[in-house]
Amino acid sequence: MRLSDVITEAILQMLQASDAGTAEIKRNELANMYGCVPSQINYVIASRFTPEQGYIVESKRGGGGYIRIRRIKVDRSNALMHLVNSVGNEISANTARILVNNLSMEGFIPAKAASLIDAAMSDTCYTDVPNTLRNKLRAAIFKQMLLSCI
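Since the model is a prediction, treat every value here as computed from it, not as a measurement.

Enquirer: Give a detailed account of the overall build of the protein, specifying residues and quantitative values.
Expert: The number of helices and strands found in the protein is 7 helices and 3 strands. The N-to-C order of helical and strand elements in the protein reads α-β-α-α-β-β-α-α-α-α. Its C-alpha atoms put the protein at 50 × 35 × 25 Å along the principal axes. Looking at the protein residue by residue over its 150 residues, the buried ones come to 36%. For the protein, the share of sequence-separated contacts (at least 6 apart) that also reach a separation of at least 24 residues comes to 59%.

Listed below in structure tokens is the structure:
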């Protein structure tokens, strides 16, 4: 398991342990705990705890600073429509995989549907498509698959 995955899991556990669905972390403390640089924590938060993935991140800088991550609670249909609208015209296989995983973890799509969507987003499906068009085609297919889950 990559360090980014380990840090993500730690933050997710903090969120689950909180009654309010909020995790408050000190970047330097978390970096020391996992033996990494603080920018690694920034990377994890910026890439895996975005509004599109259902999170609000607030930060306070300075000596007593913190990063607060809050899970947004939305219903299934709104979450799927928000995601369809936020995907845009292109999506990478990795981004699609993360989004599908989040939808599945939240129970917005069944595990079987998540598995099928994940397979359809895989780079191996697009080997005959020119590189310049792969992410555009993937985004169009991804949106249609999500709409079929609503």
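Enquirer: Quick one: what's the story with helix α4 (residues 76–87), residue by residue and with numbers?
Expert: For the α-helix, the turn length of 3.6 residues means that residues three or four positions removed from each other point alike. Counted at 1.5 Å a residue, the expected span for α4 with its 12 residues is 16 Å, and the 17 Å between its end C-alpha atoms agrees. Among the residues making up α4, those that are buried are Ala79, Leu80, Leu83, Val84 and Val87. One face of α4 carries all of its buried residues, which in axial projection span an arc of 130°. Of the surrounding secondary structure, the elements contacted by the buried residues of α4 are α5 (93–105) and α7 (131–149). Downstream of α4 by one or two residues, glycine 88 has phi in the positive range, about 85°.

Enquirer: Can you lay out the nonpolar core for me, pointing to particular residues and giving the numbers?
Expert: Core analysis: the largest hydrophobic core is formed by 23 residues, its most contacted members being Ile109, Ile117, Phe142 and Leu146. Those elements that place two or more of their residues in this core are α4, α5, α6 (111–121) and α7. Dropping the residues within four chain positions of it, isoleucine 109 is found in contact with Leu80, Val100, Leu103, Ser104, Ala114, Ile117 and Cys149. Formed by 16 residues, the second largest nonpolar core is a distinct cluster that contains Leu12, Ile25, Ile41 and Val44.

Enquirer: Run through the pattern of salt bridges, naming residues and quoting values.
Expert: Here the structure, examined in full by the defined rule, presents 7 salt bridges. One salt bridge connects glutamate 58 with arginine 68, and the closest N-O pair in it is separated by 3.1 Å. Separated by 10 residues along the polypeptide, glutamate 58 in strand β2 (residues 55–60) and arginine 68 in strand β3 (residues 66–71) bring together distant segments of the chain. Residue class for arginine 68 comes out partly exposed when judged on its relative accessible area of 24%.

Conventions used here
Residues numbered from 1 in each chain as written. Predicted model: local features only at pLDDT ≥ 70, side-chain atom pairs only at ≥ 80, totals over all residues. Heavy atoms only, no water. Helix = DSSP H or I, 4+ residues; strand = E, 2+ residues; numbered from the N terminus. Buried < 20%, exposed > 50% of the residue type's maximum accessible area, 1.4 Å probe, protein only. Contact = heavy atoms within 4.5 Å. Expected span 1.5 Å × (residues − 1). Arc of directions from axis to C-beta. Core = buried A, V, L, I, M, F, W, Y, C linked by side-chain atoms within 4.5 Å. Salt bridge = Lys/Arg side-chain N within 4 Å of Asp/Glu carboxyl O.

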